Amino acid sequence: MALTLRSSVWSITVAALVLVAFAHSTQADPLPSWQDSDSKTRIVDFVESVTDPESDSYITARDRVAVFDNDGTLWAEKPIYFQLLFAIDRLQKMAKEDPSIASSGALKAAVEGDLEALSASGHEGLLEIITVTHSNISAEDFTEEARQWLEKKHPETGLRYRDMVYQPMLELLRYLRDEGFQTYIVSGGGLHFIRAFAEEVYNIPPNQVIGTTLKASYQMVDGEPAIMKEGQLAFLDDKEGKPVAIDTRIGIRPVIAVGNSDGDFQMLEWSTSAPGASLGILIHHTDGEREWAYDRDSAVGSLERGLDEASSRDWLLVNMEQDWEQIWPVQP
């Protein structure tokens, strides 16, 4: 009997030690898909410093706010923004019912699937497509349409659009939250489009998503109250608009700001200019094999000023090819 008891105690002890060892090994590397490079070291050193009450750089949990751009930062943005591809698909369906909807060069190019001509239409053409396809629909119905569309597959990778997220960034989001950070998305993309997947994919709830918005109104539709999206821009959450949106929606200046293009420049500039510890991060798309390589001359996600000034501003420039061991959470 005593021998059996000692054996049971020994088994329990061994199991406990294994669990402790496993937990320790898991905690030892919070960013397993990141190469053991200077970028990873700097991120971990920063987080450890600002969460250590004994450190001069300590930041209270209330002020641990981290903001992330979405397109090109948390997920891919090639060949063009995924929300625009969604809008093109929706426009083509609308044109089948009413061909007269292709009333401009940009709309005609979108209906015909001519991405080159669409890109040539510039910001105005893209905005026209968004406003036409994102209006006269309730926010709930729009979000559900977007959620279903995200199950479609990307034409080049064969992955579902919802799977075209970056595994290293998923790990960074999780790591920061584990260390008491609040993580927000601050994107030029549409608010309701991002809300369609942000909580399920990033574990970021709808109230922590900030994006471009169209005007909306409260209406009774078929006897039911609804928030109806309208075809007019209310707020463009890009460039100078990002710090304004952060101040309005969050009310706390972030201590970590992460982007990938010059559209994120002001967000990083504002976030890292306050006294105290802060970290600005730019994701540099350098991997033409596993993803896409682009920066200065790209029609989507152009990075020029940020590339030139990252060093002088002490922002971390993450080299995707060298710093990321893995790109996607699932392999193409």
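What counts as what
Throughout this description, residue numbers start from 1 for each chain and increase along the sequence as written. Only residues with pLDDT of at least 70 get local features here, since the model is predicted, and only at 80 or more are side-chain atom pairs given and counted; chain-wide, interface and lining totals rely on the full set of residues. Processing note: side-chain calculations cover all non-hydrogen atoms of the structure and skip hydrogens and water entirely. Working definition: helices are DSSP H or I runs of at least four residues, strands are E runs of at least two. Numbering for both runs from the N terminus. The rule is simple: take the accessible area with a 1.4 Å probe, protein chains only, and divide by the maximum for that residue type; under 20% is buried, over 50% is exposed, in between is partly exposed. Any two residues whose heavy atoms approach within 4.5 Å are treated as being in contact. Only four residue types enter the charge count: Lys and Arg as positive, Asp and Glu as negative, with His and the chain ends excluded. Positions of charges follow a simple convention, taking NZ of Lys, CZ of Arg, CG of Asp or CD of Glu. Candidate patch residues must exceed 30% relative accessible area and have no salt bridge, after which like charges are joined if within 9 Å and Val, Leu, Ile, Met, Phe, Trp or Tyr side chains if within 5 Å. Residue exposure ignores everything except the shown protein chains as possible cover, and the areas themselves are Shrake-Rupley values with a 1.4 Å probe. Any Lys or Arg side-chain nitrogen found within 4 Å of a carboxyl oxygen on Asp or Glu counts as a salt bridge. Confidence of the predictor in every single residue is expressed as pLDDT, which spans 0 to 100.

A.B. asks: For this particular structure, what's the right way to read the overall build of the protein chain?
C.D. replies: Helix and strand content of the protein chain: 14 helices and nine strands. With respect to the principal axes defined by its C-alpha atoms, the protein chain has extents near 85 × 55 × 40 Å. Counting only residues that meet the buried cut, the protein chain has 48% of its 332 residues in that class. Within the protein chain, contacts between residues separated by at least 24 positions form 66% of all contacts whose residues are at least 6 apart in sequence. Positive and negative charge centroids in the protein chain, built from 28 and 54 side chains respectively, lie 4 Å apart.

A.B. asks: Help me understand a nonpolar patch on the surface, please; the structure alone is not making it clear to me.
C.D. replies: Taken together, the side chains of Tyr 218, Met 220 and Ile 227 present a nonpolar region at the surface, about 360 Å² in accessible area. Among the secondary structure elements, Ile 227 is positioned in strand β5 (residues 224-235). Residue Ile 227 is classed as partly exposed on the basis of its relative accessible area of 44%.

A.B. asks: Is there a simple way to explain the pattern of salt bridges in this structure?
C.D. replies: When their charged atoms lie close together, side chains carrying opposite charge are able to pair. Summed over all chains, the structure comprises 19 salt bridges. The closest approach of N and O atoms between Lys 242 and Asp 264, which form a salt bridge, is 2.6 Å. One end of the pair, Lys 242, is in helix α11 (residues 241-249); the other, Asp 264, is in the loop between β6 (256-259) and α12 (265-271), with 22 residues separating them in the sequence. Given a relative accessible area of 1%, Asp 264 falls into the buried group. Arg 296 is paired through a salt bridge with Asp 308; the nearest N and O atoms lie 2.6 Å apart. Placement of the pair is Arg 296 in the loop between β8 (293-294) and α13 (305-309) and Asp 308 in helix α13, with a sequence separation of 12 residues.

A.B. asks: How should I be thinking about the confidence of the model for the protein chain in this particular structure?
C.D. replies: Fine structural detail should not be taken from predicted coordinates in areas where pLDDT scores are low. Of all residues in the protein chain, 92% have pLDDT values of 70 or greater, and the mean over the chain is 92. Throughout residues 20-26 the model reports pLDDT below 50, and contacts reaching past four residues in sequence, or to other chains, amount to zero contacts.

A.B. asks: Any chance you could explain a negative patch on the surface here in plain terms?
C.D. replies: Residues Asp 45, Glu 48, Asp 52 and Glu 54 make up a contiguous surface patch of negative charge. Residue placement: Asp 45 occurs in helix α2 (residues 38-50). On the basis of relative accessible area, Asp 45 is assigned to the partly exposed category, the value being 43%.

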